[in-house]
Number of protein chains: 2
Amino acid sequence: MFQAEVLKDFTRQVFLSIGCSQEDAELASTVLISADLRGVDSHGIARLAGYVRLFDHGRLNPTPKIKVVYQTPSTAVVDGDGGLGLVVAPKAMEIAMEKAALVGSGWVSVRNSNHFGIAGYHAMMALEKDMIGWTMTNAGPLVAPTYSLDKLLGTNPIAVAVPAGEQPPFVADFASTAVAYGKFEILQRKGLPAPIGWAQDAQGQPTDDSNAVRKGGGLLPLGSDREHGSHKGYGLGAIVDIFSGVLSGANFGPWVPPFATAGFMGTQQAAGLGTGHFVGAMRVDGFRPVEEFKADMDKWIGAFRNARAVEGHQVLIPGDPEREIERVRATEGIDLLEPVVNSLVELAGRFGLDFDASMARES
Amino acid sequence: MFQAEVLKDFTRQVFLSIGCSQEDAELASTVLISADLRGVDSHGIARLAGYVRLFDHGRLNPTPKIKVVYQTPSTAVVDGDGGLGLVVAPKAMEIAMEKAALVGSGWVSVRNSNHFGIAGYHAMMALEKDMIGWTMTNAGPLVAPTYSLDKLLGTNPIAVAVPAGEQPPFVADFASTAVAYGKFEILQRKGLPAPIGWAQDAQGQPTDDSNAVRKGGGLLPLGSDREHGSHKGYGLGAIVDIFSGVLSGANFGPWVPPFATAGFMGTQQAAGLGTGHFVGAMRVDGFRPVEEFKADMDKWIGAFRNARAVEGHQVLIPGDPEREIERVRATEGIDLLEPVVNSLVELAGRFGLDFDASMARES
């Protein structure tokens, strides 16, 4: 087991090694490791080597000049100058919160960025200021809209964080697909099939092949098929793409560059600049007194948490599972898969850093 | 077949008969019949008798003083004073658009309202001003969150309207459930079962009983079950509820009053005032020049519309199906089910209005 601080410090040193500033390396490592702490392993240190590959391929600017290119009192477009999404997104969120402080809400569409880690981190920045936080991002095309054979959307997540009073905050953070791609990678490693409703094959038919996406198939939108509302999941992913990509002047739809997957690193036709995000903040007291709102959020959370549940289960509040994992991992540490440990050993060798792989759990 | 103008004029006269002003009756009838025109039959004139029942039970104020009770430059809470949601929601949207004109975006949470018709109408108001429109509303509890036996959320729809250039606009308008309740009513009339994944029974188990919701079961969130992401549909419905209900001081969760169903008309415990909505508008040129944005939206729409499709299907843009129905119904007229025609004949009798039921298609 690796302590979060150890992983964060190593991540920080890797980002320093590719030329990031002290401030940016600190922020990026905090955001990246927050994913491991919250149990979103696919978006944490497992991607560190991928960010370095982006740098190697000239797709990552370690010293970006992040700037507001257009704004009104409550809206802005930020150009990330090709910097780490892990840095660009929280800086855009700071701008959104400054606007909210002044005029009630702030909404920032971001272009020329790349993968920003977990959406929830950025939305949760709003909580300590008694604001509601919104985050969305587009991503490389893996998802086939309803009836499409072509992959036109990313897993395009949405996160919304809402402060409460005595209760912990409400934090919804989910992809607009039936499942995230990481679920397939787990099945692939184990040689297991996938449930019907997660993916389609190259002919657009239901499949249980956990390798379907690599074979010309696609992930399915939330809802899985038309009869169960896949057009709604497609609509949701489309809204995320339009707000993140079209509104900012980033790439959108099939033109969004993939993260850092071998075979996808080459140049491709572009519709805009880099990956797009959309972040926003609303002051709770732009609507009603904070204490009244928080008392009602506590009542809301209580009603849901105390609902009668299916035998052997309980009704969870969005954010509960991640909070529970964070509680455990903050003390017991974080377990990493062998390929992830190997990728960190390799990075340590390349940059002359210390990394004690012996902390890995024997598998 | 009934011409839309005939239905609209009759609706206007009914709203005048219960005491609405000329202006409100005109607006309410326009909004209501827009649902019939767009093919959302469950939210159109089929509900007219329900609005009158709300009035009969003292739950509808025909002469509301709609007012802003709190605001910042980009946010507000509007109190609908118990008026028709068909009137309150577009007036709240006007306020959101005024704020957007001044500071880039405007966001209005609404309390003390009731059913507002189709969400898409209000979002689409933004289009002619080159703004992006957002609408949400909560509704009476019919939906069981993941693992819950209790019904805690309404079908809580979201609509987002985005202007394009040469292409027609993007208009997503969908409930946060696998299907709308109206789909069950159709199956009930025909005595048919429902697909698994639409509802659960009173024990929280999958069921194909199209009467399950009446027997203690519940509608399922978009995603249908945990394995296919029902916790995401639940999260989406929860966001709609919090933005519409908790942020405004309306009812929320299990406390949201039902529309006008017999047996649900009595007083019940309240957590706030009436039903809640959330509407918003963002100026496109709060982000980038309108012509650039519209050119990219056309490119977005073109890429999706021209995608390779499953045999016998095509990839649709959100808003396409409703637009096609509206094109047909605007000329050919609107067909109404016999129970709906009967309800209109009854209203005509009660208020001494003319209604020519002979225009109904023979069934």
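All residue numbers refer to position in the chain's written sequence, counted from 1. Whichever chain is written first becomes A and whichever ligand is written first becomes 1, with later ones labelled in order. Whole-chain, interface and lining totals are the exception, using all residues; otherwise, since this is a predicted model, local features are given only for residues with pLDDT of at least 70 and side-chain atom pairs are given and counted only at 80 or more. Only hydrogens and water are removed before side-chain values are computed, so all heavy atoms of the structure are retained for them.

1. Observations concerning the nonpolar core
We call a set of buried residues a nonpolar core when its members are Ala, Val, Leu, Ile, Met, Phe, Trp, Tyr or Cys and they connect through side-chain atoms within 4.5 Å of each other. Partly exposed describes any residue whose relative accessible area lies between the buried limit of under 20% and the exposed limit of over 50%, with all areas from a 1.4 Å probe on protein chains only and scaled to the type maximum. Core analysis: the largest hydrophobic core is formed by 102 residues, its most contacted members being Phe170, Phe243 and Trp300 of chain A together with Phe170, Phe243 and Trp300 of chain B. Contact criterion: two residues are considered in contact whenever any of their non-hydrogen atoms come within 4.5 Å of each other. The contacts of tryptophan 300 of chain B, once residues within four sequence positions are left out, are Ala238, Asp241, Ile242, Val246, Phe252 and Gly253 of chain A together with Phe170 and Ile317 of chain B.

2. Quick look at the relation of the copies chain B and chain A
For this overlay, a least-squares fit was computed on C-alpha atoms, restricted to residues scoring pLDDT of at least 70 in both copies. With an RMSD of 0.0 Å, chain B superimposes on chain A once it is rotated by 180 degrees and translated 0.0 Å along the axis. Here the symmetry operator amounts to a two-fold rotation axis. Residues of chain B ranked by C-alpha distance from the rotation axis are headed by glycine 223 of chain B, positioned 2.3 Å from it. When the interface residues of chain B are mapped onto chain A, 100% of them are again interface residues, pointing to one common binding face.

3. What to know about the sheet that holds strand S4 (residues 131–137) of chain B
The strand order across the open sheet formed by seven strands is S1-S2-S3-S10-S4-S5-S6 (chain B), and the pairing between neighbours is mixed. Two strands close off the open sheet at either side, each with one partner strand: strand S1 (67–71) and strand S6 (170–174) of chain B. In this sheet, adjacent strand axes meet at a mean angle of 15 degrees when their direction is disregarded. Criterion used throughout: strands pair if DSSP finds at least two bridges between them. Helix and strand assignments follow DSSP, with helices taken as H or I runs no shorter than four residues and strands as E runs no shorter than two, numbered in order from the N terminus. Across seven bridges, strand S3 (residues 105–113) of chain B lies against strand S10 (residues 275–283) of chain B in antiparallel orientation. When the sheet's bridge partners are listed, tryptophan 107 of chain B is paired in S10 of chain B with glycine 280 of chain B. Running over the sheet, helix H7 (residues 230–246) of chain A touches S4, strand S5 (158–162), S6 and S10 of chain B and is turned about 135 degrees from S6 of chain B. A fitted line through C-alpha atoms serves as each axis, taken over the contacting stretch for helices, and the angle formed by two N-to-C directions is quoted from 0 to 180°.

4. Considerations on the confidence of the model for chain A
Detail in the predicted coordinates should be disregarded across regions flagged by low pLDDT. Across chain A, the average pLDDT comes to 95, with 97% of residues at or above 70. Two summary scores accompany this predicted model of the complex, namely pTM at 0.97 and ipTM at 0.97. The predictor attaches a confidence to each residue, called pLDDT, with possible values from 0 through 100.

5. Comments concerning the interface of chain B and chain A
The partner chain A presents 90 residues to the 90 residues of chain B that form the contact. Once two parts are joined, some of their accessible surface, as seen by a 1.4 Å probe, is lost; buried area is that loss totalled over both. Of the roughly 7,200 Å² buried between chain B and chain A on both sides combined, carbon and sulfur atoms contribute 70%. Its largest share of buried area at the contact with chain A, chain B owes to Tyr147, Lys232 and Phe287 of chain B, together 11% of the area lost on that side. Salt bridge, as used here, is a side-chain nitrogen of Lys or Arg placed within 4 Å of a carboxyl oxygen of Asp or Glu. Where chain B packs against chain A, one counts two salt bridges. Residues aspartate 150 of chain B and arginine 308 of chain A are paired through a salt bridge, measuring 2.7 Å at the closest nitrogen-oxygen approach. Polar contact is defined as a pair of N or O atoms within 3.5 Å, subject to the rule that within protein one atom must be able to donate a hydrogen and the other to accept it, and that residues adjacent in sequence are counted only when both atoms are side-chain atoms. Summed over the shared surface of chain B and chain A, the result is 30 residue pairs in polar contact (both at pLDDT 80 or more). At the level of secondary structure, the elements contributing two or more residues to the side of chain B that touches chain A comprise strand S2 (75–79), S3, S4, S5, S6, helix H7 (230–246), S10 and helix H8 (290–305) of chain B. Per-element tally for the side of chain B that touches chain A: the top contributor is H7 of chain B, with eleven residues. Following the grouping adopted for this structure description, the nonpolar residues are Ala, Val, Leu, Ile, Met, Phe, Trp, Tyr, Cys and Pro, the charged ones are Asp, Glu, Lys and Arg, and the polar ones are all others, Gly among them. Each residue belonging to the side of chain B that touches chain A can be placed in one class, and the counts come to 55 nonpolar, 25 polar and ten charged.

6. A short note on the environment of arginine 308 of chain A
Within the secondary structure, arginine 308 of chain A is located in the loop between helix H8 (290–305) and helix H9 (320–332). You can call arginine 308 of chain A partly exposed: its relative accessible area is 48%. Between the C-alpha atoms of arginine 308 of chain A and glycine 117 of chain A, which are 191 residues apart in sequence, the distance is 35 Å. In this view, arginine 308 of chain A contacts Val315 of chain A together with Tyr147, Ser148, Leu149 and Asp150 of chain B; residues no more than four positions away in its chain are not counted. Of note is the side chain of arginine 308 of chain A, whose polar atom sits 2.7 Å from the side chain of aspartate 150 of chain B.

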